[in-house]
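# Coordinates in review
What follows is each chain in one-letter form.
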Amino acid sequence: MNPPTKNSQALFRRAAQHIPGAVNSPVRAWRAVGGAPRFIHRGEGAYLFDADGNRLIDYVGSYGPAILGHAHPAIVAAVTDQATRGFSFGAPTELEVELAERIAAAIPIAEKVRLVSSGTEAGMTALRIARAATGRSGIIKFDGCYHGHSDALLVRAGSGAMTLGVPDCAGVPEALAALTRVAPYNSLAAVENYFAADPRAIAAVIVEPLAANMGVVPPAPGFLKQLGELVHRHGALLICDEVITGFRLRYGAAYELYQAEPDLVMLGKIIGGGLPMGAIAGRAELMDLLAPVGPVYQAGTLSGHPLATRAGLETLKLLADPEVYARLESAGARLAAGLAAALKETGRIGCVNRAGSLLTLFLGTDRVSDGASARRADPEAFARFFHAMFDRGVNLPPSQFEALFVSLAHREADLDATLEAARAALAAG
Ligand code: KE4
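Note that the structure is predicted; figures quoted are calculated from it, not measured.

### Re the domain arrangement of the chain
One can read the domain layout of the chain as domain 1 (6-71 + 322-428) and domain 2 (74-319). Each side of the interface is counted separately: domain 1 has 32 residues, and domain 2 has 25 residues. The contact between domain 1 and domain 2 buries some 2,200 Å² in all, and 63% of this surface belongs to carbon and sulfur atoms. At the boundary of domain 1 and domain 2, one finds 1 salt bridge. Where Asp143 meets Arg375, a salt bridge forms, and the shortest distance between an N and an O atom there is 2.7 Å. Scanning the region where domain 1 abuts domain 2 turns up 11 residue pairs in polar contact (both at pLDDT 80 or more). Among the elements that line the side of domain 1 that touches domain 2, the one with the most residues is strand S14 (residues 358-363), at 4 residues. Split into classes, the residues belonging to the side of domain 1 that touches domain 2 amount to 20 nonpolar, 8 polar and 4 charged.

### With respect to the nonpolar core
If you look at the biggest cluster of nonpolar residues, it comprises 62 residues, and the most contacted ones within it are Ile107, Phe142, Leu227 and Leu319. Per-element accounting of this core gives the leading share, 6 residues, to helix H9 (residues 306-319). Here this core gathers at least three residues from each of two domains, domain 1 (6-71 + 322-428) and domain 2 (74-319). If we skip the residues at most four places from it in the chain, Leu227 touches Phe142, Leu188, Val191, Val205, Val207 and Leu238.

### What about the sheet that holds strand S4 (residues 112-116)?
Each strand in a sheet pairs with its neighbour through backbone hydrogen bonds, running either in the same direction (parallel) or in the opposite one (antiparallel). The 7 strands lie next to each other as S4-S12-S11-S10-S9-S5-S8, forming an open sheet whose pairing is mixed. Edge strands, defined here as strands with exactly one partner in the open sheet, are S4 and strand S8 (180-184). Pairs of neighbouring strands in the sheet enclose a mean axial angle of 20°, with direction left out of account. Bridging between strand S5 (residues 138-143) and strand S9 (residues 202-207) involves 3 bridges; their strand directions are parallel. Residue pairing across strands places Ile139 opposite Ala204, the latter belonging to S9. On the sheet, helix H4 (residues 119-134) packs against S4, S5, S9, strand S10 (237-241), strand S11 (264-268) and strand S12 (278-282) and is oriented at approximately 165° with respect to S11.

### Considering the site of the ligand
Around the ligand lies a shell of 16 residues, among which Ser25, Thr120, Asn213, Asp241 and Glu402 are the nearest. Contacts to the ligand include Thr120, whose side-chain N or O atom sits 2.7 Å from an oxygen atom. One of the side-chain nitrogen or oxygen atoms of Asn213 is found 2.5 Å away from a nitrogen atom of the ligand. Relative to its free-state accessible area of 540 Å², the ligand is covered by the protein chains to the extent of 85%. In terms of residue class, the shell around the ligand is built from 5 nonpolar, 7 polar and 4 charged.

### Remarks on the sheet that holds strand S3 (residues 55-58)
Taken in spatial order, the 4 strands of this open sheet run S1-S2-S3-S15, and their pairing is mixed. At either end of the open sheet lies a strand with only one pairing partner, and these are strand S1 (40-44) and strand S15 (394-395). Looking at chain direction, strand S2 (residues 47-50) and S3 are connected through 3 bridges and run antiparallel. Looking at S3, one finds that Leu48 is bridged to Leu56. Packing against the sheet, helix H13 (residues 412-428) makes contact with S2, S3 and S15, and its axis sits at approximately 100° to S3.

Cut-offs and rules
Residues numbered from 1 in each chain as written. Predicted model: local features only at pLDDT ≥ 70, side-chain atom pairs only at ≥ 80, totals over all residues. Heavy atoms only, no water. Domains from an automatic or database assignment. Contact = heavy atoms within 4.5 Å. Buried area = accessible area lost by both parts, 1.4 Å probe. Salt bridge = Lys/Arg side-chain N within 4 Å of Asp/Glu carboxyl O. Polar contact = N/O pair within 3.5 Å; in protein donor to acceptor, adjacent residues only side chain to side chain. Helix = DSSP H or I, 4+ residues; strand = E, 2+ residues; numbered from the N terminus. Nonpolar A, V, L, I, M, F, W, Y, C, P; charged D, E, K, R; others polar. Core = buried A, V, L, I, M, F, W, Y, C linked by side-chain atoms within 4.5 Å. Buried < 20%, exposed > 50% of the residue type's maximum accessible area, 1.4 Å probe, protein only. Pairing = 2+ DSSP bridges. Axes fitted to C-alpha atoms, helices over the stretch in contact; angles between N-to-C directions. Near = heavy atom within 4 Å. Areas by Shrake-Rupley, 256 points an atom, 1.4 Å probe, with all protein chains shown as cover.

Next comes the structure, spelled out in structure tokens:
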């Protein structure tokens, strides 16, 4: 059960010479679970193959884009074909028009779409539109939700429940952080209190319609519908961050599942098919505030990149098959039920939160409904579970506060092997 790691260890040491922490995104460094991260050589379907040739059943899925599985033949063929025509031109292409049309057809409020290169860009642009549209500066976000690493969103709740935000990392000016308030997820009262304290200060409330960055935490019944009504009553805008949930839970946005009424949505991950892609979408009168039509500047050398747009288009075409989300639902339900049963069989304290093919196994706590309850989980127990699973050939996200992503490539045999490993890993403690 001790997989060879010599090549990954050597690559980790070499990478650290020129890349901070040896990684290009912090979560990949395994700091939350310990040990040196494995370097991946290739992916195929539900599997990753690391630098030492170990095959892993993969539930990171690039944190969402790999909903079809890795190296899907149709996507590889499309990107290969597109590459023969050149990569990017600094000029509009028909592919961008097609992708915008497809997103607009699938998401009712997406009258207009601006493609960018990441979810972070989508978030920072959505906030800028909201501030321009309302003439206000304040933002409300939710504890445990993540919307990319733009300064205004790297903010945590201040000391007192009703104080203004404080920086959640170095380099974010306190004056800027103070413009962002932080409320507990699923708490309408906290949002109401922020508006009551200063009714005309808030430009927008930004929310993951289904939270997946504190682990998976579904919205409480009616929460999103009432949140939208509350936000609009105060003349502010609702931004739904669908970077993970967009086309993950259904063919379109998740907000419709929860009767929310957003003004803007953020997209990413799946709509790029695994290549760099993000998008802001919303009502025309808001989106037309963007340059070159309106006064809100936003730009990007590789926005709407032809290879990413082609990969996204081909991915969405395959996801448009009505069977797809029933298959993802069935696989997610099977895995979640098996993990819950394994907790019971091994007498371990924990719980499984799930929506469709997104799920999180929390250890050390039996209920998670917001950031505070998620933090009551036992990260050390999760770290032991992570390594026990990895050593048995199952690649989980290296943090208690991420989601497992099940793909269309995961077969019953893969799920059964995962559950067998989980029973042994949980029994080991
Ligand atoms: P990117 O800038 O990483 O493309 O997207 C930021 C973002 C925005 N909104 C939501 C809901 C997100 O989950 C993300 C990014 N997700 C993380 C995983 N939880 C990406 C993984 C990473 O940071 O390496």
